[in-house]
Amino acid sequence: MSSPELIDAAFADRSLLSNDEHRSAVLDTLAQLDAGALRVASKGTDGNWHTNAWVKRAILLYFAVRSMEKVELPPFEFHDKIPLKRNLDAAGVRVVPPGVARYGSHLEKGVVLMPGYVNIGAYVGAGTMVDTWATVGSCTQIGRDVHLSGGVGIGGVLEPPQASPVIIEDGCFVGSRAILVEGVHVEREAVIGANVV
């Protein structure tokens, strides 16, 4: 079976996660998300964005296969199922303390993450600025050279798996304290004013 078939089978029957083949499909999918080799949503040859629901199912299953653990980064301490993203220097990504990106998110080279947050399943394109206290929710797809101003809230969506995530295409500017929620699609080079919901 292919990874999507294994993921869908395990999503329908969680007892299959005790099987190495199904568990490995979940772990491999998350590793591909983290590396940017796989995305929750992608633009098809028809020019439309398509959500890969099986990938979102893999993220949900990842929570089931992980156990809580303490992560210490003095002076900070975390207690979570999902580890933090690692090797940011090798990826060419700048993260200003206490900015946080979770494993399973992908930040392309040249991303600057100020003291903000990028959640699992999110994809952030090269040259994008995630400014202070901006949050990039689960599965959000952010293009290249985007500026998310201070305090921007990008809503995440994991459930239902077929729901469209927030998509912000290349070259967009999102003003301070704006809020974009599930299913919003901001097309290339658009400007969203401050405090827009």
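Look above for the structure.
A short tour of the structure in this document, coming up. This is a predicted model, so every value here is computed, not measured.

For the rest of this paragraph, the subject is the sheet that holds strand E15 (residues 153–154). Within a beta sheet, neighbouring strands are joined by backbone hydrogen bonds and run either parallel or antiparallel to one another. Pairing is parallel across the open sheet formed by five strands, whose spatial order is E6-E9-E12-E15-E18. Bordering the open sheet on either side are strand E6 (100–101) and strand E18 (179–180), each of which pairs with just one other strand. As paired elements, strand E9 (residues 117–118) and strand E12 (residues 135–136) share two bridges and run parallel to each other. Each bridged residue has a counterpart across the sheet, and for Tyr117 the counterpart in E12 is Thr135.

Before going further, it helps to spend a moment on the sheet that holds strand E20 (residues 191–192). If you trace the six strands from one edge of the open sheet to the other, you get E5-E8-E11-E14-E17-E20, paired in parallel fashion. Looking at strand neighbours, the two that pair on one side only are strand E5 (94–95) and E20, the edges of this open sheet. Looking at chain direction, strand E11 (residues 129–130) and strand E14 (residues 147–148) are connected through two bridges and run parallel. Considered in E14, the bridge of Met129 is made with His147.

Moving on, we get to the packing of helix H1 (residues 3–12) against helix H3 (residues 53–65). Between two packed helices, both the angle of their axes relative to each other and the distance between the axes serve to describe the pair. The contact between H1 and H3 brings their axes to 9 Å, and the two run at 55°. Put simply, H1 runs oblique to H3. Where H1 crosses over H3, the two elements pack in a sense that is left-handed. Where H1 abuts H3, its residues Ser3, Pro4, Ile7, Asp8, Ala10 and Phe11 lie against Trp54, Arg57, Ala58, Leu60 and Leu61. Residues that form the contact of H1 with H3 fall into these classes: eight nonpolar, one polar and two charged.

Here the focus is helix H2 (residues 20–35). Because each turn of an α-helix spans 3.6 residues, side chains separated by three or four positions end up pointing in the same direction. For H2, with 16 residues, the first-to-last C-alpha span of 22 Å sits near the 22 Å given by 1.5 Å per residue. Residues of H2 that are buried include every one of His22, Ala25, Val26, Thr29, Leu30, Leu33 and Asp34, and no others. Packed against the buried residues of H2 are H1, H3 and strand E7 (106–107).

Calculation criteria
Residues numbered from 1 in each chain as written. Predicted model: local features only at pLDDT ≥ 70, side-chain atom pairs only at ≥ 80, totals over all residues. Heavy atoms only, no water. Pairing = 2+ DSSP bridges. Helix = DSSP H or I, 4+ residues; strand = E, 2+ residues; numbered from the N terminus. Axes fitted to C-alpha atoms, helices over the stretch in contact; angles between N-to-C directions. Parallel < 35°, antiparallel > 145°, perpendicular 65-115°, else oblique. Left-handed = near helix turned anticlockwise from the far one by under 90°. Contact = heavy atoms within 4.5 Å. Nonpolar A, V, L, I, M, F, W, Y, C, P; charged D, E, K, R; others polar. Expected span 1.5 Å × (residues − 1). Buried < 20%, exposed > 50% of the residue type's maximum accessible area, 1.4 Å probe, protein only.

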